[in-house]
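What follows is each chain in one-letter form.
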Number of protein chains: 4
Amino acid sequence: MPILKPYKLCSREVKSEDTVIDVKGVKIGRGHMVVMAGPCSVEGKDQLMETAKAVKAAGATILRGGAFKPRTSPYSFQGMEEEGLKLLKDVSEATGLPIVTEVMNPRDAELIHRYTDIMQIGARNVQNFSLLREVGKMEKPILLKRGLATTIEEWLMSSEYILSEGNNKVILCERGIRTFENATRNTLDLSAIPVVKEKSHLLIIIDPSHGVGYWQYVDSMSKAAVAAGADGLMIEVHWKPEEAFSDGPQSLKPHKFAKLMEELRPIAKAVGRSI
Amino acid sequence: MPILKPYKLCSREVKSEDTVIDVKGVKIGRGHMVVMAGPCSVEGKDQLMETAKAVKAAGATILRGGAFKPRTSPYSFQGMEEEGLKLLKDVSEATGLPIVTEVMNPRDAELIHRYTDIMQIGARNVQNFSLLREVGKMEKPILLKRGLATTIEEWLMSSEYILSEGNNKVILCERGIRTFENATRNTLDLSAIPVVKEKSHLLIIIDPSHGVGYWQYVDSMSKAAVAAGADGLMIEVHWKPEEAFSDGPQSLKPHKFAKLMEELRPIAKAVGRSI
Amino acid sequence: MPILKPYKLCSREVKSEDTVIDVKGVKIGRGHMVVMAGPCSVEGKDQLMETAKAVKAAGATILRGGAFKPRTSPYSFQGMEEEGLKLLKDVSEATGLPIVTEVMNPRDAELIHRYTDIMQIGARNVQNFSLLREVGKMEKPILLKRGLATTIEEWLMSSEYILSEGNNKVILCERGIRTFENATRNTLDLSAIPVVKEKSHLLIIIDPSHGVGYWQYVDSMSKAAVAAGADGLMIEVHWKPEEAFSDGPQSLKPHKFAKLMEELRPIAKAVGRSI
Amino acid sequence: MPILKPYKLCSREVKSEDTVIDVKGVKIGRGHMVVMAGPCSVEGKDQLMETAKAVKAAGATILRGGAFKPRTSPYSFQGMEEEGLKLLKDVSEATGLPIVTEVMNPRDAELIHRYTDIMQIGARNVQNFSLLREVGKMEKPILLKRGLATTIEEWLMSSEYILSEGNNKVILCERGIRTFENATRNTLDLSAIPVVKEKSHLLIIIDPSHGVGYWQYVDSMSKAAVAAGADGLMIEVHWKPEEAFSDGPQSLKPHKFAKLMEELRPIAKAVGRSI
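Residues numbered from 1 in each chain as written. Chains lettered and ligands numbered in written order. Predicted model: local features only at pLDDT ≥ 70, side-chain atom pairs only at ≥ 80, totals over all residues. Heavy atoms only, no water.

Asker: So what exactly am I meant to see when it comes to the overall build of chain A here?
Answerer: Across its full length, chain A carries nine helices and ten strands. Computed over C-alpha atoms, the radius of gyration of chain A comes to 17 Å, within 12% of the 19 Å expected from 2.2 N^0.38 for 275 residues, which places it in the range of a compact globule. Summing over all exposed atoms, chain A offers an accessible surface of approximately 8900 Å²; the carbon and sulfur share of this is 49%. Averaging the positions of the 37 positive and the 35 negative side-chain charges in chain A gives two centres separated by 2 Å. (Helix = DSSP H or I, 4+ residues; strand = E, 2+ residues; numbered from the N terminus. Rg over C-alpha atoms; globule rule 2.2 N^0.38 Å. Areas by Shrake-Rupley, 256 points an atom, 1.4 Å probe, with all protein chains shown as cover. Lys, Arg positive; Asp, Glu negative; His and termini not counted. Charge placed at Lys NZ, Arg CZ, Asp CG, Glu CD.)

Listed below in structure tokens is the structure:
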């Protein structure tokens, strides 16, 4: 492996205290855990509004939803694009939930920045350096997912591309790495939490939905993430997972999500945090 | 991958309720978490006795220690062998802690069975089918570690080798799989907990020490394992990790272990379990 | 893993005969092997010109060289950018060698398309779908590297993004996948050759330099690739590897490259091909 | 990863010239390539005899066949055991082909040593150190397969267990490592050839059948192995692959094997070797 230059802006040596980010009044970090929830894809106004209300009632404080979707096949549903962004904005205003949505193309960054509160860089773009530089010049927080084969060292180096352009509001998101195991969609690497916390002041949240790929295991891994010291969770929730345009098998129904939120609170308390 | 015959004896279909094992009065399963702790290798009487007393005082209920050590190099310390077994027995009697130790050779199985309370099959022997059959004919519980590249399906099939010989006291132990990430020694696959619990009635515990390879991360992963629903933990503890004959970097000092045990209790309680 | 829609345009079912591509008179496919060689990065006029002459003399028919470099760290050398493109063009005109160089940003695609003969999509961008669509609208051939954790199925699906936009001149390039092994930089998956040839009519070449990461092993893997049925090779060559701005350890010196070319010819002949 | 003591007996520093092994007159090493071929499992006398004659006629010089079979499930066919050994012996005497067969249990080592000419240690037992020591005390050559998650460094260290007991006739066999790719059963790591050749004087052969898992790809990878400098091949051949007790999908029919042998000869010649 090439020897990398040492980390700079993301490192504890440059900034020892933990980063805290405020997203329209939602504080993330130093004991304040965030739960981002919502559908994989924005599919329509009713779907989004009902899901948003349900996840808010259960305690989620950020709404997630994809408008531009990175899909393995060009023949799969590619997202509602700008129409999806508008729906996200409408639902955000109606519910008061800030939103997070993905940007894939540097050319769309401006557009998405206008609509969203947090910009997500997906796993496939973790080393799309042109895109990282682009969002690094913007103001809103960046959720940077780890890639399927990205070492923690490389992931932190990708955050440097954003930080070095001036945007210091980076939230790392572990979402599973690719291994030989196929009982789960990916292998959720929860040890990334203590490793990142040791080396960096950046926030780190966990996406158990992509990590395991089956809703049955999301519950257990969400609890583990909270106990391990994550700064938050990102969870896929859908009213009718069997009809979802994407990632149905890993989406929780709203009542299961609500039950999970109940069960997470005492664990968070046990590790000195609040959800 | 070859299509396997369906699981039989380890499966929920054959036996729906969770397995419970009693090791000299120490109950494991259905809410009773076990903590097995001690040094990687048995190195001498004082080392073992002092460590045993310390881990017992902190709340561990089983003593671990290797007498026959599987080492990558034939030129590394290979364990104290039978002398080590005797020390384990002595310390067990003095402290009242049952012991767990590894068996590597079918020819030594009888010998080790005489001394120990739980027989451990190490990661490298998870598909040593001759050894699995051998311990399957014995009475004492078997701790079956997952191999570095063993799928959960294969691991459960290895348990079938033991169960089909008549020994139904199998404890699975996840201890990290091998991936591309090298910030940790292995990648601890905590999602194995819900996957195993769904498919099997067998107990599953977590070895975070081997999973991460550095003591700094053991704390976080132990908490995660408890929250995720593991039936127990196996943790390496050493008085002077820097002088340990093996695995020093991943061993906790006794006072750190004691602090961890304190912190684990409220998490266990939050998920309806006791340590 | 998500169930993908079946391949369309890349598949043997749609087009049974092998693809052949003509790059300024250099035929690739159906027995005509191509060797693309040159430095990892364009570093200056003399370096490039001397290397180009040397690789041409040895039998290479395409010149490689990076002007826009994807680097893990933002603090590493990022390439000479447009100045580098101009040097490539000059050297191409002087030597008659067509060139291949990487495009990373959709916004730069037009610029690079003006200068180069083949556009390379690097491993990190194999699922940068915006970029794939962009180059899919262009005329020149696309060299599509496999990602570090990309399955062959996903890689072929990425080629569909290009093909479905109208550009049917895709050359796949295997350059190693990421595994646990660290004696080599990556693990070169030569079995990708027969797998791709079975499923697809597209060309596939091998980049042993990135695959193994050390010049000592490039020789052996180049021979293996030819014998296995690859349509070509991409090899890094540098006059002074110890002073290279990037990837020095995996670069061959010109005289070693010339010797390798000599040794490849009888192997190519033995499998009914010519270099 | 633990820092290992340096290699001793397997290293080039201790013995610079390549090892050569003579198996009943079959020379392996220094230009003499060996082809070991035969069925995965010994299934009966006729099957074995006919296959042996066919592979001999095609040019194979060692007969392979499993009598003790390591199977993931205890409910799968486990081999004909001693009866299988007898059949191997009979067929060996009738055809003049020396044989190679697997040993799994230290207790069976004596028995198998009596019947076979080369003792095989399978991938699952590459770090079964008790077994390695056992065969290290014996006289016949040992074929040591690489494990699914064994680094080359660990593999060489396993060879040290054999060498340090006095048996210096070790043949390493690469048979694929476990990765995320599932178009092939395993990922055949042909770069192990130059890496092993650089560090060690031991012989290394390739098992493309297990490496790829489908007969369609065995041809291409066999050619690649020869070109890359392997000292030999181990190939599964079966008269009726669709009826094989194990590994049918990766077995070549005799006429395909014969055709492959024809095609390998000019490649071997091109790299200065003979088959």
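The rest of the description comes next.
Asker: I tried to follow the relation of the copies chain C and chain D on my own but got confused; where do I start?
Answerer: Note that the two copies of the chain are related through a rotation about an axis and a translation along the same axis. Between chain C and chain D, which share one sequence, the superposing operator has a rotation angle of 180 degrees and an axial displacement of 0.0 Å; the RMSD is 0.0 Å. Taken together, the rotation angle and the small translation identify this as a two-fold axis. When C-alpha positions in chain C are compared against the rotation axis, the closest is assigned to A224 of chain C, at 2.0 Å. Mapped onto chain D, 100% of the interface residues of chain C again fall at the interface, so both copies present the same surface. (Least-squares fit on C-alpha atoms with pLDDT ≥ 70 in both. Contact = heavy atoms within 4.5 Å.)

Asker: Explanation requested: the interface of chain C and chain D in the structure shown.
Answerer: Chain C puts 37 residues into the contact, and the matching count from chain D is 37 residues. A combined buried area of about 2700 Å² lies between chain C and chain D, and 70% of that area is made up of carbon and sulfur atoms. Of all residues in chain C, F180, E181 and Y217 of chain C give up the largest surface area on contact with chain D, accounting jointly for 21% of the area buried on that side. The interface formed by chain C and chain D includes two salt bridges. (Buried area = accessible area lost by both parts, 1.4 Å probe. Salt bridge = Lys/Arg side-chain N within 4 Å of Asp/Glu carboxyl O.)

Asker: Which parts of the structure should I look at to understand the interface of chain A and chain C?
Answerer: Facing the 37 residues of chain A at the interface are 37 residues of chain C. Taken over both partners, the interface formed by chain A and chain C buries close to 3400 Å², and the fraction arising from carbon and sulfur atoms is 50%. Together, T72, Y75 and R107 of chain A form the three largest contributors to the area buried by chain A at its contact with chain C, with a combined 21%. For the pair chain A and chain C, the interface holds four salt bridges. Its salt-bridge partner being R107 of chain A, residue E134 of chain C comes within 2.6 Å of it at the nearest N-O pair. Mapped onto the side of chain A that touches chain C, the elements with two or more residues apiece are α4 (129–136) and α5 (152–163) of chain A. Sort the elements by how many residues they give to the side of chain A that touches chain C and α5 of chain A lands first, with five residues. Looking at the side of chain A that touches chain C residue by residue, the classes come out as 13 nonpolar, 13 polar and eleven charged. (Nonpolar A, V, L, I, M, F, W, Y, C, P; charged D, E, K, R; others polar.)

Asker: Help me understand helix α6 (residues 192–199) of chain A, please; the structure alone is not making it clear to me.
Answerer: At 3.6 residues per turn, the α-helix brings residues three or four places apart onto the same side. When you tally the buried positions in α6 of chain A, you get six out of eight residues, the bulk of the element. Among all positions of α6 of chain A, only A192, I193, P194, V195, V196 and K197 of chain A are buried. Looking at the buried side of α6 of chain A, the elements it contacts are α5, β8 (170–174), β9 (203–206) and α8 (215–228) of chain A together with α8 (215–228) of chain B. (Buried < 20%, exposed > 50% of the residue type's maximum accessible area, 1.4 Å probe, protein only.)

Asker: Looking at this structure, I do not really get the environment of L233 of chain A. What am I missing?
Answerer: All names here are of chain A. By the element assignment, L233 lies in strand β10 (residues 232–236). The buried category is assigned to L233, whose relative accessible area is 0%. For the pair L233 and G31, spaced 202 residues apart in the sequence, the C-alpha separation amounts to 13 Å.

Asker: Just to check I follow, could you spell out the relation of the copies chain A and chain C for this structure?
Answerer: Between the two copies, chain A and chain C, the superposition gives an RMSD of 0.0 Å; the rotation angle is 180 degrees and the shift along the axis is 0.0 Å. A high fraction, 100%, of the interface residues of chain A reappear at the interface in chain C, so the copies pair face to face through one surface.

Asker: Teacher, can you tell me more about the pairing of β9 of chain A here?
Answerer: A regular strand carries its side chains on alternate faces of the sheet. Residue and element names in this part refer to chain A. Across the two faces of β9 the burial is the same, with L203 and I205 and I204 and I206 all buried. Looking at chain direction, β8 and β9 are connected through four bridges and run parallel. Bridge pairing links I171 to L203 in β9. Regarding topology, α6 serves as the crossover connection from β8 to the parallel β9, and that connection is right-handed. (Pairing = 2+ DSSP bridges. Right-handed = clockwise from strand over helix to strand, strands pointing away.)

Asker: Looking at this structure, how should I read the nonpolar core?
Answerer: If you look at soluble globular proteins, the nonpolar side chains tend to sit buried side by side. Formed by 299 residues in total, the largest nonpolar core has its most connected members in F257 of chain A, F257 of chain B, F257 of chain C together with F257 of chain D. Residue contacts for F257 of chain A: discarding those within four places in its chain leaves V35, A37, V55, A58, A60, I235, V237 and L252 of chain A. (Core = buried A, V, L, I, M, F, W, Y, C linked by side-chain atoms within 4.5 Å.)

Asker: Whenever I open this one, the pairing of β10 of chain A confuses me. Can you help?
Answerer: Residue and element names in this part refer to chain A. Within β10, five of the five residues are buried, leaving the element largely enclosed by the surrounding structure. Alternating positions in β10 separate into two faces, G232, M234 and E236 on one and L233 and I235 on the other, with burial throughout. In terms of strand pairing, strand β3 (residues 34–38) meets β10 through five bridges, oriented parallel. Looking at β10, one finds that A37 is bridged to I235.

Asker: Could you clarify how one ought to interpret the pattern of salt bridges in this entry?
Answerer: For side chains bearing opposite charge, pairing can occur when the charged atoms are close. In total, this model carries 76 salt bridges over all chains according to the counting rule given. Among the salt bridges present, the one from E181 of chain B reaches R146 of chain A, with a minimum N-O distance of 2.7 Å. Here E181 of chain B is found in the loop between β8 (170–174) and α6 (192–199), whereas its partner R146 of chain A is found in the loop between β7 (142–145) and α5 on a different chain. Both residues of the pair, E181 of chain B and R146 of chain A, count as buried. Each of R146, E174 and D189 of chain A together with E181 of chain B takes part in a single network of salt bridges with overlapping partners.

Asker: Sorry if this is basic, but what is going on with the environment of G59 of chain D here?
Answerer: All names here are of chain D. With respect to the secondary-structure elements, G59 resides in the loop between α1 (45–58) and β4 (62–64). Under the relative-accessibility criterion, G59 is labelled partly exposed at 21%. In the structure, G59 is positioned 159 residues away from V218 in sequence and 17 Å away in space, judged by C-alpha atoms. Not counting the four nearest positions on each side in its chain, G59 is found in contact with M261 and R265.

Asker: Explain the environment of G232 of chain A here, please?
Answerer: All names here are of chain A. The topology assignment puts G232 in strand β10. Overall, G232 belongs to the buried group, its relative accessible area being 0%. Sequence separation between G232 and A192 is 40 residues, and the spatial gap between their C-alpha atoms is 13 Å. The residues contacting G232, other than those within four sequence positions of it, are M33, V34, I204, I205 and I206.

Asker: Would you mind going over unusual backbone geometry with me for this structure?
Answerer: The phi angle of most residues is negative, glycine excepted, and most peptide bonds adopt the trans form. Residue and element names in this part refer to chain B. Although it is not a glycine, K24 sits at a positive phi angle of roughly 50 degrees. Mapped onto the secondary structure, K24 falls in the loop between β1 (21–23) and β2 (26–28). With a relative accessible area of 58%, K24 lands in the exposed category.

Asker: What is the right way to read the packing of α6 of chain A against α8 of chain B from this model?
Answerer: A pair of packed helices is captured by two measures, namely the crossing angle of their axes and the spacing between those axes. Interaxial distance between α6 of chain A and α8 of chain B falls to 9 Å at its minimum, and their mutual angle equals 130 degrees. By the angle between their directions, the pair α6 of chain A and α8 of chain B is classed as oblique. Crossing of α6 of chain A over α8 of chain B shows right-handed handedness. Contacts between α6 of chain A and α8 of chain B involve P194, V195, E198 and K199 of chain A on the former and, on the latter, Q216, Y217, S220 and M221 of chain B. Of the residues that constitute the contact of α6 of chain A with α8 of chain B, the class distribution is four nonpolar, two polar and two charged. (Axes fitted to C-alpha atoms, helices over the stretch in contact; angles between N-to-C directions. Parallel < 35°, antiparallel > 145°, perpendicular 65-115°, else oblique. Left-handed = near helix turned anticlockwise from the far one by under 90°.)

Asker: Would you mind showing me how to read helix α5 (residues 152–163) of chain D here?
Answerer: Residues and elements named next belong to chain D. The end-to-end C-alpha separation of α5 is 16 Å, in line with the 16 Å expected for twelve residues at 1.5 Å each. The element α5 is extensively covered by neighbouring structure, given that eleven of its twelve residues are classed as buried. Turning to α5, the residues buried within the fold contact α4 (129–136), β7 (142–145), β8 (170–174), α6 (192–199) and β9 (203–206). (Expected span 1.5 Å × (residues − 1).)

Asker: Any chance you could explain the packing of aromatic side chains here in plain terms?
Answerer: The relative placement of two aromatic rings is captured by the distance of their centres and the angle of their planes. This structure, assessed with the given rule, holds twelve aromatic pairs over all chains. Where F77 of chain A meets F245 of chain A, the ring centres are 4.9 Å apart and the plane angle is 85 degrees; that geometry is what we call edge-to-face. With F77 of chain A in the loop between β4 (62–64) and α2 (82–95) and F245 of chain A in the loop between β10 and α9 (254–270), this residue pair connects regions lying 168 residues apart in the sequence. The partly exposed category is assigned to F77 of chain A, whose relative accessible area is 27%. Across from the ring centre of Y75 of chain D, 4.1 Å away, lies the NZ or CZ of K8 of chain B, which sits over that ring. (Phe/Tyr/Trp six-rings, centres within 6.5 Å; stacked < 30°, edge-to-face > 60°. Lys NZ or Arg CZ within 6 Å of the ring centre and 35° of its normal.)

Asker: Would you explain the side chain of T184 of chain B in this entry?
Answerer: Summarising the element assignment, T184 of chain B is placed in the loop between β8 and α6. You can call T184 of chain B buried: its relative accessible area is 2%. For T184 of chain B, the side chain forms a polar contact with the main-chain oxygen of N186 of chain B, separated by 2.9 Å. Among residues more than four places away in sequence, those in contact with T184 of chain B are S191 and V195 of chain A together with V212, Y214 and Y217 of chain B. (Polar contact = N/O pair within 3.5 Å; in protein donor to acceptor, adjacent residues only side chain to side chain.)

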